[in-house]
Structure formats: C-alpha cells, structure tokens
Amino acid sequence: SIPATFIHQDDQCVAFKDVAPQAPVHFLVIPRKPIAMIEEAEETDGPLLGHMMLVAKKVAKEQGLEKGYRVVINNGVEGAQSVYHLHIHVMGGRQMSWPPG
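Quick caveat: nothing in here was measured; it's all calculated off a predicted structure.

Draft legend 1. Just unusual backbone geometry, in detail. Note the cis peptide between tryptophan 98 and proline 99, where omega equals 0°. Locating proline 99 in the fold gives a position in the segment after β5 (88-92). Here alanine 80, not a glycine, exhibits a phi torsion of approximately 65°, which is positive. Here alanine 80 is to be found in the loop between β4 (69-72) and β5.

Here it is as structure tokens:
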C-alpha cells in the first residue's frame, strides 16, 4: 500500500493527493467498495458513483480550484489504467490542453 494523507473520508469513499501529480493540484477519489474498473461497475453502483462525483466537486472547491479542473477515469489497458481499483483523478491549478493524450 502507498502512504496517503486523506483530504476527504466518509463511509463511501476517500480522497487523497496523487503520489505522482500531473498538475499543481491532483487528487484521487476512491470508493471503499472494491470495484476494479468503471467497466465492472453495476447498475446498483449508481448512487456510489454519483456520490464520488459530488465529493470530487466538493474537494476541488476546498483545494481552491475555482477556475476549473479536469475529471478523469482511466479504464483498461488502452485507457492507461495502471491501478485496478476504480478511482477518479481530479487535476487543476493550471490550464489544461486538449486533446489530453
């Protein structure tokens, strides 16, 4: 396991700063429920997934990202997923470019 300082914790998910940040602010929102990837989420996970998005919004505001931020979920090999526990990346604090990669 990777040591992390939580910036959010509740009964459904946690958030902490990414260990290899790609932006001045880069944190992850991770469900407590083990879901390997978004592809494996089930219909019954809808409330949890919605909660995670709202946590991403809340923590982004707390982290001072009032000018905007990017929300990313990598899925599978071609989606560049490297950790097989679902997580949302939230990145901001600089102008993002498009396309992303």
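Draft legend 2. Just the packing of aromatic side chains, in detail. For the structure shown, the criterion picks out 1 aromatic pair. Ring geometry for phenylalanine 6 versus phenylalanine 16: centroids 6.0 Å apart, planes at 70°, classification edge-to-face. You can see phenylalanine 6 sitting in strand β1 (residues 6-9) and its partner phenylalanine 16 sitting in strand β2 (residues 13-17), a full 10 residues away along the chain. When its relative accessible area of 39% is taken as the criterion, phenylalanine 6 is described as partly exposed.

Draft legend 3. Spatial organisation of the pairing of β1. Bridge analysis of β1 against β2 gives 3 bridges, and the strand direction is antiparallel. When the bridges of β2 are listed, histidine 8 appears paired with alanine 15. Linking β1 back to β2 in an antiparallel pair, the connection comprises 3 residues.

Scoring rules and cut-offs
- Residues numbered from 1 in each chain as written.
- Predicted model: local features only at pLDDT ≥ 70, side-chain atom pairs only at ≥ 80, totals over all residues.
- Heavy atoms only, no water.
- Helix = DSSP H or I, 4+ residues; strand = E, 2+ residues; numbered from the N terminus.
- Phe/Tyr/Trp six-rings, centres within 6.5 Å; stacked < 30°, edge-to-face > 60°.
- Buried < 20%, exposed > 50% of the residue type's maximum accessible area, 1.4 Å probe, protein only.
- Pairing = 2+ DSSP bridges.

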